[in-house]
Amino acid sequence: MRIAVIGLGLIGGSVLRAFARAGCDVSGFDADPRVRDAVAEAGFEVTDRDGCAAADVLVLAIPAPHLPSLLPSLSDFPGIVTDVTSVKTPVADAMKRYCPAVRYVGGHPMAGKEVSGFAASDASLFDGRAWALCLGEEVSRAQELDDWVTLADLLCRMGVRVVPTTAARHDDAVARISHLPHLLAAALTRTAAEPQALTLAAGSFSDGTRVAASDPYLVSAMCSANAEALHDALDDCLAMLDEARRKLTASRQDLAEWLTPASTARRAWPPRAGTSHTDAVTRDKLLHIGVVGGWVESVHDGRAEILWRVPGDSLP
């Protein structure tokens, strides 16, 4: 498999490194000549954007707002196109608009850092982490399902947990576990932004505000692209905080009872792998795996079967 990556920042650079570590034939392109020089100095093949057309799999690792200017040039790409953007529905819509014939499978690695750039990239960034891989709303052709499984096989060899989902389900989930935490981290940091409070700040402040150091423009683009789902998540969170405010003036028992479900859920995270299951590849089976919180761990039998797991003792 020849894999090309367009966009070699933190995520794209880490994808390049991780696939290379897994033994794949990789090359990359970045619009910034300084990044291209850094990638070449690190020992990787750097190609021009047209050179990416020779790849079997093309990974788009550029910010979502820049995709519309790139997608028309991919309309004749014969291989599989995937991406790593954090919101899937707008990208899927853009693909249908600009290059409907392209074999597109949306992806999103659930890993990152509060720093950016190729210098921060790391081949181990995705080890053991979830990687959402989207099935289209209507996967009817054998080619479409085969492309999904081909990518899942590559990603599993890279050491990730492949989580099957749809674009809509993904966007609702990441609004709550990724985008909302960015806004909460910013609010917490601004609430504590006075000298004595920051001098006294320790672990809980650090844990709750780490992502507030992220690039504000990247976070703004990410959250704005998922505004509808994020509005719903904010409404739910604000309702819970309003309830917490009321509990403060009630009894300590009431507040403890409000805190208990969160304590239980957080102690059970991250999910531990339970019993493995092997099944034939079907769209319904893949979506079921994602809905119950499971993930694909490996692909077998000429990509006709998958080995998958669910968290702990959850029922399949």
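This text follows the structure it describes.
Computed from a prediction, not measured in an experiment: that's the story for all the values here.

**Points about the overall build of the chain**
Of the regular secondary structure elements, the chain holds 12 helices and 12 strands. Taken over the C-alpha trace, the chain has a radius of gyration of 21 Å; the compact-globule value for 316 residues is 20 Å, and the two agree within 12%. Relative to its full complement of 316 residues, the chain shows a buried share of 42%. Here the chain displays about 16800 Å² of accessible surface, and carbon together with sulfur accounts for 54% of that area.

**Structural notes on the pairing of strand β12 (residues 305-311)**
Across the 7 residues of β12, 6 count as buried, placing the element largely inside the fold. Pairing of strand β10 (residues 273-280) with β12, which is carried by 6 bridges, proceeds in the antiparallel orientation. What sits directly across from His-277, in β12, is Trp-308. As paired elements, strand β11 (residues 295-300) and β12 share 5 bridges and run antiparallel to each other. Of the residues in β12, the one forming a bridge with Trp-295 is Arg-309. Between the end of β11 and the start of β12, which pair antiparallel, lie 4 residues, with Asp-301 showing a positive phi angle near 55°.

**Concerning the packing of aromatic side chains**
Under the criterion given, the structure shown has 1 aromatic pair. Summarising the aromatic geometry, the rings of Phe-126 and Trp-131 are spaced 5.1 Å apart at their centres and angled 65° between planes, so their arrangement reads as edge-to-face. When sorted by exposure, Phe-126 lands in the same class as Trp-131, which is buried. Directly above the ring of Trp-295 sits Arg-161, whose terminal nitrogen or CZ lies 4.0 Å from the centroid.

**Topic: unusual backbone geometry**
Put simply, Trp-269 and Pro-270 share a cis peptide bond, and its omega is 0°. Secondary-structure assignment places Pro-270 in the loop between α11 (252-267) and β10. Phi is positive for Asp-301, which is not a glycine, with a value near 55°. A relative accessible area of 56% means that Asp-301 is categorised as exposed. Notably, Arg-303 is not glycine yet its phi reads approximately 70°, a positive angle.

**Here we look at helix α1 (residues 10-21)**
In an α-helix, one full turn covers 3.6 residues, which means residues spaced three or four apart are oriented alike. With 12 residues, α1 extends 16 Å between its outermost C-alpha atoms, agreeing within 8% with the 16 Å of an ideal straight helix rising 1.5 Å per residue. The buried fraction of α1 amounts to 9 of the 12 residues, a majority that puts the element mostly inside the structure. Turning to α1, its buried residues are Leu-10, Ile-11, Gly-12, Gly-13, Ser-14, Val-15, Leu-16, Ala-18 and Phe-19. Positive backbone phi, approximately 95°, marks Gly-23, located one or two places after α1.

**Some details on the packing of helix α6 (residues 167-191) against helix α10 (residues 227-248)**
Contact geometry for α6 and α10: axes closest at 9 Å, N-to-C directions at 65°. Note on packing geometry: the crossing formed by α6 with α10 is right-handed. In contact with Asp-171, Asp-172, Ala-175, Arg-176, His-179, Leu-180, Leu-183 and Leu-184 of α6, α10 contributes Ala-229, Leu-230, Asp-232, Ala-233, Leu-234, Asp-236 and Cys-237. Here the contact of α6 with α10 is built from residues that sort into 9 nonpolar, 1 polar and 5 charged.

**A word on the packing of α10 against α11**
Running from amino to carboxyl end, α10 crosses α11 at an angle of 155°, the nearest separation of the two axes being 8 Å. With respect to α11, the element α10 is oriented roughly antiparallel. When α10 is examined against α11, the residues Met-240, Glu-243, Ala-244, Lys-247 and Leu-248 are found in contact with a partner set consisting of Asp-254, Leu-255 and Trp-258. Taken together, the residues that form the contact of α10 with α11 break down as 5 nonpolar, no polar and 3 charged.

**Quick look at a nonpolar patch on the surface**
Taken together, Leu-184, Leu-238 and Leu-241 make up a surface patch of nonpolar side chains, about 260 Å² in accessible area. Take Leu-184: its relative accessible area is 34%, and that puts it in the partly exposed class.

**Quick word on the environment of Ala-186**
With respect to the element layout, Ala-186 can be found in helix α6. Accessibility expressed as a relative area gives 32% for Ala-186, which makes it partly exposed. Distance in space between the C-alpha atoms of Ala-186 and Asp-153 is 37 Å, their sequence separation being 33 residues.

**Comments concerning the pattern of salt bridges**
By the definition in use, this model includes 12 salt bridges. The partner of Arg-157 in a salt bridge is Asp-153, and the shortest N-O contact between them spans 3.0 Å. Of the two residues, Arg-157 and Asp-153 are both situated in helix α5 (residues 142-158); the distance of 4 residues between them amounts to about one turn of the helix. Residue class for Arg-157 comes out exposed when judged on its relative accessible area of 59%. Classification of Asp-153 by relative accessible area gives buried; the value is 8%. Each member of the salt-bridge network shares a partner with another, and the members are Asp-153, Arg-157 and Arg-303.

The rules behind these values
- Residues numbered from 1 in each chain as written.
- Predicted model: local features only at pLDDT ≥ 70, side-chain atom pairs only at ≥ 80, totals over all residues.
- Heavy atoms only, no water.
- Helix = DSSP H or I, 4+ residues; strand = E, 2+ residues; numbered from the N terminus.
- Rg over C-alpha atoms; globule rule 2.2 N^0.38 Å.
- Buried < 20%, exposed > 50% of the residue type's maximum accessible area, 1.4 Å probe, protein only.
- Areas by Shrake-Rupley, 256 points an atom, 1.4 Å probe, with all protein chains shown as cover.
- Pairing = 2+ DSSP bridges.
- Phe/Tyr/Trp six-rings, centres within 6.5 Å; stacked < 30°, edge-to-face > 60°.
- Lys NZ or Arg CZ within 6 Å of the ring centre and 35° of its normal.
- Expected span 1.5 Å × (residues − 1).
- Axes fitted to C-alpha atoms, helices over the stretch in contact; angles between N-to-C directions.
- Left-handed = near helix turned anticlockwise from the far one by under 90°.
- Contact = heavy atoms within 4.5 Å.
- Nonpolar A, V, L, I, M, F, W, Y, C, P; charged D, E, K, R; others polar.
- Parallel < 35°, antiparallel > 145°, perpendicular 65-115°, else oblique.
- Patch = residues over 30% accessible without salt bridge, like charges linked within 9 Å, V, L, I, M, F, W, Y side chains within 5 Å.
- Salt bridge = Lys/Arg side-chain N within 4 Å of Asp/Glu carboxyl O.

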